[in-house]
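Secondary and tertiary structure notes
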Amino acid sequence: MQKIDLNNKVILITGAAGFIGSNLVKRLFKDVKGATIIGIDNMNDYYDVALKEYRLNELETLSRSLQTESMGGSWKFIKGDIADKQTVDGIFEQYKPQVVVNLAAQAGVRYSITNPDAYIQSNLIGFYNILEACRHNPVEHLVYASSSSVYGGNKKVPFSTDDRVDNPVSLYAATKKSNELMAHCYSKLYDIPSTGLRFFTVYGPAGRPDMAYFGFTNKLLRGETIQIFNYGNCRRDFTFVDDIVEGVVRVMQGAPERKKGEDGLPIPPYAVYNIGGGQPESLLDFVQTLQEELVRAGVLPADFDFDAHKQLVPMQPGDVPTTFADATALERDYGFTPKITLREGLRKFAVWYKQFYG
């Protein structure tokens, strides 16, 4: 593994106003000295843009406070779309990023059924533009978001990166698997060190409103009924956003090594890891914990009748019954395993929700 010192580097984060992206930028502000951090996001309205603006405002405030503490470095946000080749090429030409973290993507399994175009634009064309830019510039490490959805309906658990993942059950999953294949090809052809990270059900404060924990909270607050799919017989490997960010930062600092094979050609400096809690929770237990924490934070009243607002329904198209990460490779290579429990994470979300929405 090739060690990378992030201090004084130029780092490009795509999807910087997104849930994981903004938390990653915050973390880099705190831990990395003298870095120039470039963020790009198209600020689309897939979910409430006010949340993206809230995250960006947090970054601007934090950036200013760090400047007064003379940490050095700088923060530059660009409103733009990675699906626009000119924009991406312009950023690489002007800033010459040495480390690239591609988190920009159209997310969500269900939305890929109703709006497939968005996935082709962002996840395929956008990622291709990033790969091409890395090809023509001396990038030390490309880290990119894949997803646990690539495992599809795999019956073998926990999911290992050694498993075959040739049977996606949603277009979203198919685009993420395509990203891994494209990155492998560019690593092989152009010797670009790349690492893909398969994220497992990321949650936390200021997260994505289309995720179950956030959507359920909104609906319960409006007195609506929440639907629990597969009659509650689903298990998810929930991963708190701080654990995801910890994993990403560690991976950024260790790129797959460039080596030559026996034929004198490069062995692709390419790797893929799972980042997940490794403790799948049943959806019914998850909902129970969520409701307890919403009451505790004062989001919902203590006498709220949860049973009257729950409905068990069949599985949805594109969904899978279980996600379960085998993250032993991440622990072996980077010394990290996610640690934050579901209750601890949902408590932080509930407290944030109360503050944000009053």
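Residues numbered from 1 in each chain as written. Predicted model: local features only at pLDDT ≥ 70, side-chain atom pairs only at ≥ 80, totals over all residues. Heavy atoms only, no water.

In this structure the tally under the stated criterion is 18 salt bridges. In this structure, E180 engages R198 in a salt bridge whose closest nitrogen and oxygen atoms are separated by 2.7 Å. In this pair, E180 is assigned in helix α6 (residues 171-190) and R198 in strand β7 (residues 194-199), connecting sequence segments 18 residues apart. Since its relative accessible area comes to 2%, E180 is described here as buried. Among the ionic pairs, E224 bridges to R222, the shortest N-O distance being 2.8 Å. For E224, a relative accessible area of 33% gives the class partly exposed. Here the residues in one salt-bridge network are R27, D31, E246 and R250, joined through shared partners. (Salt bridge = Lys/Arg side-chain N within 4 Å of Asp/Glu carboxyl O. Helix = DSSP H or I, 4+ residues; strand = E, 2+ residues; numbered from the N terminus. Buried < 20%, exposed > 50% of the residue type's maximum accessible area, 1.4 Å probe, protein only.)

Another point: the nonpolar core. Residues I13, L24, L28, F199, Y213, M252 and F286 are the most contacted members of the largest nonpolar core, which totals 72 residues. Of the residues forming this core, the biggest block, seven residues, is contributed by helix α8 (residues 241-252). Once you skip the residues sitting within four places of it in the chain, L24 turns out to touch I13, V101, L103, V245, V248, V249 and M252. Of all hydrophobic cores here, the second largest spans 24 residues; its members include I38, V88, Y95 and V139. (Core = buried A, V, L, I, M, F, W, Y, C linked by side-chain atoms within 4.5 Å. Contact = heavy atoms within 4.5 Å.)

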